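Residues per chain, in single letters:
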Amino acid sequence: MATSTRVAVVTGGTGALGQAVVRRLLAADMDVWVPWVTEAEAKALEQRLGAAARRLTLRQTDLTSEAGVARLFADIEAKAGGLDVLANIAGGFAFSPLEATDGNTWAKMMNLNATTAFLCCRFAVPLMKRRKRGRIVNVASGPAVNHGAANMSAYAASKAAVLSLTESLAKELVSDSITVNALVPTVIDTAANRKAMPKADTSTWLSPDDIAGVVGFLADDSAQIVTGTAVMLSRG
């Protein structure tokens, strides 16, 4: 297959932010692959996209499994011919004091946030190197850049790992024309967050579409000089 068509992977593409990123990259004339876990969510995404779904490829994948991620990217290489953009949107959140945070919660945060990003980057980079270009966008968090947060030890540590991965990869891949950046959003305006915080002032929350616009910029050729950056996203 010719490499003129840009190809993107969006993990967490069935979630609120992930769906916005998928729409943004499809609008930028990319073919988009979305790994999924829950079939109903994958079907809902396809239905919401309507005609645009013709450029969408859905694959059931456990992103915490090295073998599963390897199969996903091997399939992308075989069927799409390469990869240009990786948006690691998949992740999770946990809030509890340290003494109430058990080993399972710690492992879950590390797996959902750090391991998924690491594995996808690991198998995406060779495909990007063969195209002699690439864009990787990860998602960190405020606690990762603000020296932690109370009652978020597991979550903050996992997101700090994502930020360090981002900064390290940016240095490693600079000569390959592959940029690696991390988004650092404040609270995102999603149905889940509104349900969890019904009395919160939502006036400064970030819309998924606004964040997706930043991903679109970082995924564009014009963002070649932006790498190794924690991009702070806030309405003040």
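It should be noted that the structure appears before, not after, this text.
Described below are features of the structure shown in this document. Computed from a predicted model, the values in this text were never measured in an experiment.

The rules behind each value
- Residues numbered from 1 in each chain as written.
- Predicted model: local features only at pLDDT ≥ 70, side-chain atom pairs only at ≥ 80, totals over all residues.
- Heavy atoms only, no water.
- Helix = DSSP H or I, 4+ residues; strand = E, 2+ residues; numbered from the N terminus.
- Rg over C-alpha atoms; globule rule 2.2 N^0.38 Å.
- Buried < 20%, exposed > 50% of the residue type's maximum accessible area, 1.4 Å probe, protein only.
- Contact = heavy atoms within 4.5 Å.
- Lys, Arg positive; Asp, Glu negative; His and termini not counted.
- Charge placed at Lys NZ, Arg CZ, Asp CG, Glu CD.
- Expected span 1.5 Å × (residues − 1).
- Bend = angle between axes of the 7 residues up to and from the residue.
- 1 Å grid on protein atoms, 1.4 Å probe; cavity = no way out; pocket = protein on both sides within 12 Å on 5 of 7 lines; lining within 4 Å.
- Points joined across faces, edges and corners; volume = space filled by probe spheres on them.
- Nonpolar A, V, L, I, M, F, W, Y, C, P; charged D, E, K, R; others polar.
- Polar contact = N/O pair within 3.5 Å; in protein donor to acceptor, adjacent residues only side chain to side chain.
- Pairing = 2+ DSSP bridges.
- Axes fitted to C-alpha atoms, helices over the stretch in contact; angles between N-to-C directions.

1. With respect to the overall build of the protein chain
Alright, step 1. Scanning the protein chain from N- to C-terminus turns up eight helices and seven strands.
Alright, step 2. Relative to the compact-globule value of 18 Å for 236 residues, the protein chain shows a C-alpha radius of gyration of 17 Å, a close match.
Alright, step 3. With the C-alpha coordinates aligned to their principal axes, the bounding extent of the protein chain is approximately 55 × 40 × 35 Å.
Alright, step 4. Buried residues in the protein chain amount to 48% of all 236 residues.
Alright, step 5. In the protein chain, the share of contacts with a sequence separation of at least 24, taken over all contacts with a separation of at least 6, comes to 73%.
Alright, step 6. With 24 positive and 21 negative side-chain charges, the protein chain shows a separation of 3 Å between the mean positions of the two kinds.

2. A closer look at helix α4 (residues 103-131)
Alright, step 1. Taking 1.5 Å per residue as the helical rise, α4 with its 29 residues ought to reach 42 Å, and the 41 Å between its terminal C-alpha atoms agrees with that figure.
Alright, step 2. At N111, α4 shows its maximal kink, close to 40 degrees.
Alright, step 3. At the C-terminal side of α4, K132 shows a positive phi close to 60 degrees.

3. Re empty space enclosed by the protein
Alright, step 1. Per the counting criterion, the structure on display carries two cavities of 30 Å³ or more.
Alright, step 2. There is about 60 Å³ of room inside the largest cavity.
Alright, step 3. Those elements giving two or more residues to the lining of the largest cavity turn out to be α4, β5 (134-139) and α6 (153-173).
Alright, step 4. The dominant element in the lining of the largest cavity, judged by the number of residues it contributes, is α4, at three residues.
Alright, step 5. Its residues placed into classes, the lining of the largest cavity shows four nonpolar, five polar and one charged.
Alright, step 6. Size it by volume and the second largest cavity reaches roughly 40 Å³.
Alright, step 7. Forming the walls of the second largest cavity are A94, S96, T101, T105, N151, M152, S153, A154 and Y155.
Alright, step 8. For the lining of the second largest cavity, the element with the most residues is α6, which contributes three residues.
Alright, step 9. Of the residues belonging to the lining of the second largest cavity, the class tally is four nonpolar, five polar and no charged.

4. Some words on the side chain of D84
Alright, step 1. Within the secondary structure layout, D84 lies in the loop between α3 (66-80) and β4 (85-88).
Alright, step 2. At 2.7 Å, the side chain of D84 forms a polar contact with the side chain of R133.
Alright, step 3. Setting aside its immediate chain neighbours within four residues, D84 contacts T5, R6, V7, M128, R131, R133, G134 and R135.

5. Concerning the sheet that holds strand β1 (residues 7-11)
Each strand in a sheet pairs with another by means of backbone hydrogen bonds, the pair being arranged parallel or else antiparallel.
Alright, step 1. With respect to topology, seven strands assemble into an open sheet ordered β3-β2-β1-β4-β5-β6-β7, the strand pairing being parallel. Edge positions in the open sheet fall to β3 (56-60) and β7 (230-233), since each of these has one partner strand only. Direction aside, the axes of adjacent strands within the sheet are offset by 20 degrees on average.
Alright, step 2. Against the sheet, α6 contacts β5, β6 (178-185) and β7, and its axis sits at roughly 155 degrees relative to β6.
Alright, step 3. Running over the sheet, helix α8 (residues 208-219) touches β4, β5, β6 and β7 and is turned about 165 degrees from β6.

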